[in-house]
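Observations on the model geometry
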Protein chains: 2
Amino acid sequence: MGVGGFVRDETPTDEVNQREAVLESLTGTVRELIDATIRTTVDDDEVHRVRDDLDALVARLRTGQLPGPAGIRYNSELRSWNWGNAVMGAANAIAPPLNVVHGPSGCHADVVLGAAYEGPPGLVHGGVSAMLLDHIMGETASGMRRTTFTGTLTTRYRRGTPLGPLRFEAHIAGEERRKVFVAGTISDADGVTVEADGIFIQPAGTPTADG
Amino acid sequence: MGVGGFVRDETPTDEVNQREAVLESLTGTVRELIDATIRTTVDDDEVHRVRDDLDALVARLRTGQLPGPAGIRYNSELRSWNWGNAVMGAANAIAPPLNVVHGPSGCHADVVLGAAYEGPPGLVHGGVSAMLLDHIMGETASGMRRTTFTGTLTTRYRRGTPLGPLRFEAHIAGEERRKVFVAGTISDADGVTVEADGIFIQPAGTPTADG
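Everything numeric in this text was worked out from a predicted model, so none of it was measured. (Residues numbered from 1 in each chain as written. Chains lettered and ligands numbered in written order. Predicted model: local features only at pLDDT ≥ 70, side-chain atom pairs only at ≥ 80, totals over all residues. Heavy atoms only, no water.)

**Observations regarding the domain arrangement of chain A**
Residue and element names in this part refer to chain A. Along its sequence, chain A is carved into domain 1 (1–96) and domain 2 (98–201). For domain 1 and domain 2, the distance between their C-alpha centroids amounts to 24 Å. Counting each side, the surface lost to burial between domain 1 and domain 2 is near 810 Å², with a carbon and sulfur contribution of 70%. Contact with domain 2 buries area across many residues of domain 1, yet Val87, Met88 and Pro96 alone supply 62% of it, more than any other trio. Our enumeration of links across domain 1 and domain 2 arrives at zero salt bridges. Broken down by class, the residue content of the side of domain 1 that touches domain 2 amounts to eight nonpolar, one polar and two charged. (Domains from an automatic or database assignment. Buried area = accessible area lost by both parts, 1.4 Å probe. Salt bridge = Lys/Arg side-chain N within 4 Å of Asp/Glu carboxyl O. Nonpolar A, V, L, I, M, F, W, Y, C, P; charged D, E, K, R; others polar.)

**Points about the relation of the copies chain A and chain B**
Placing chain A over chain B gives an RMSD of 0.0 Å and needs a rotation angle of 180°, together with 0.0 Å of translation along the axis. Classification of the inter-copy transformation places it as that of a two-fold axis. Across chain A, the rotation axis passes nearest the C-alpha of A:Thr154, at a separation of 2.1 Å. Taken as a fraction of all interface residues of chain A, those also at the interface in chain B reach 100%, which identifies the copy contact as same-surface. (Least-squares fit on C-alpha atoms with pLDDT ≥ 70 in both. Contact = heavy atoms within 4.5 Å.)

**Points about the interface of chain A and chain B**
The interface is formed by 82 residues belonging to chain A together with 82 residues belonging to chain B. Of all residues in chain A, the largest losses of buried area upon contact with chain B belong to A:Arg39, A:Arg60 and A:Leu61, amounting jointly to 9% of the total for that side. For the interface between chain A and chain B, the tally reads ten salt bridges. Note that B:Arg60 and A:Asp53 form a salt bridge whose closest N and O atoms lie 2.8 Å from each other. Put simply, chain A and chain B have 47 residue pairs in polar contact (both at pLDDT 80 or more) between them. Listed by contribution, the elements that provide at least two residues to the side of chain A that touches chain B are helix H1 (13–39), helix H2 (44–61), helix H3 (126–142) and strand E7 (149–157) of chain A. Split by residue class, the side of chain A that touches chain B holds 38 nonpolar, 28 polar and 16 charged. (Polar contact = N/O pair within 3.5 Å; in protein donor to acceptor, adjacent residues only side chain to side chain. Helix = DSSP H or I, 4+ residues; strand = E, 2+ residues; numbered from the N terminus.)

Listed below in structure tokens is the structure:
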């Protein structure tokens with residue numbers, strides 16, 4: 001029924017697109033809830049009442065559910081979907097989400113990070129920076145045409161990254177047998193805040209550029 | 001009203017503890033909602049109805065709210081709280097949370113990562129691993145007695161980290177003027193899956209071990 005955890009699912013592509021839009025709509029509101037939970041100043045009794053009402057909504061969603069994590073699915077039209085992905089999943093409210101754009105000389109993603117991604121006051125958590133860089137750099141290495149896994153990721157923090165609008169960029173710096181070397185950055189309006197180098201590995205048994 | 005984004009807030013410690021417990025209770029249910037949103041198979045109409053009801057709950061929480069991110073607060077009893085922190089914040093549903101235990105020879109944290117932290121099918125997203133390692137290693141460097149920022153973090157992935165119960169560990173490997181060198185690992189029941197080295201920096205103007 002699939003290869004390496006990838007599940008073949010013959011839902012037609014137009015139905016996949018429709019369901020994705022429905023889940024994205026709910027997930028957008030869940031992101032609002034995450035932000036509102038961090039920032040709310042309503043009194044304790046009202047917080048408890050909201051929690052009780054929220055419990056009921058969770059129960060309604062759980063009347064039918066997958067037995068475990070969402071995994072990655074694909075149909076024979078080669079539409080694939082991984083709605084549970086922690087960084088770009090359409091149904092995962094933890095994901096900002098990071099929508100990676102593939103260009104001729106690399107990838108980029110523009111994203112606005114709010115209160116939910118804070119570490120030091122007013123700044124993006126350093127771990128969040130590493131998480132999002134890992135993702136865009138992995139997508140750059142695979143180029144949506146081959147499978148790669150992160151081998152080593154080195155992240156260097158030049159200065160604090162402010163919450164707000166940010167640009168992530170990544171490009172392939174070199175290739176050597178099964179290794180793909182990728183460089184990436186995070187920038188705010190004043191320039192680069194974090195830079196990273198990664199080595200991504202193509203699993204044995206898959207084709208490489210030099211055979 | 002504070003130093004470097006840290007806000008002095010003279011809420012008495014017992015009231016801080018009480019509010020933290022109230023917010024933790026709501027946040028636990030928000031985490032359930034994140035999981036249920038990823039895994040739900042209820043029909044589109046019901047998803048839309050849940051979203052509408054959820055919109056109303058968000059509005060109730062937003063009738064009173066902080067103007068921006070939560071930041072870090074402290075009172076004159078030196079109780080500090082950062083409920084919005086992306087990795088361990090009591091009010092942040094993105095945080096698993098990672099509860100770091102400080103021991104004589106280092107730190108550890110036991111955590112169960114579910115569907116919301118998935119990357120490859122059934123496995124923890126490599127970026128999530130880096131995010132959580134950054135946090136525990138930073139806490140190890142600071143030891144809750146000094147301020148440190150991540151300078152460089154290098155994460156090496158030995159094999160896939162399965163979703164489920166995991167142990168994070170970190171210890172100080174050395175110190176040199178303003179640099180604190182920290183080593184960390186993630187392990188499942190079969191051993192280490194990810195290892196990391198970090199250089200954490202004490203800001204100029206703060207005391208160091210060797211002056």
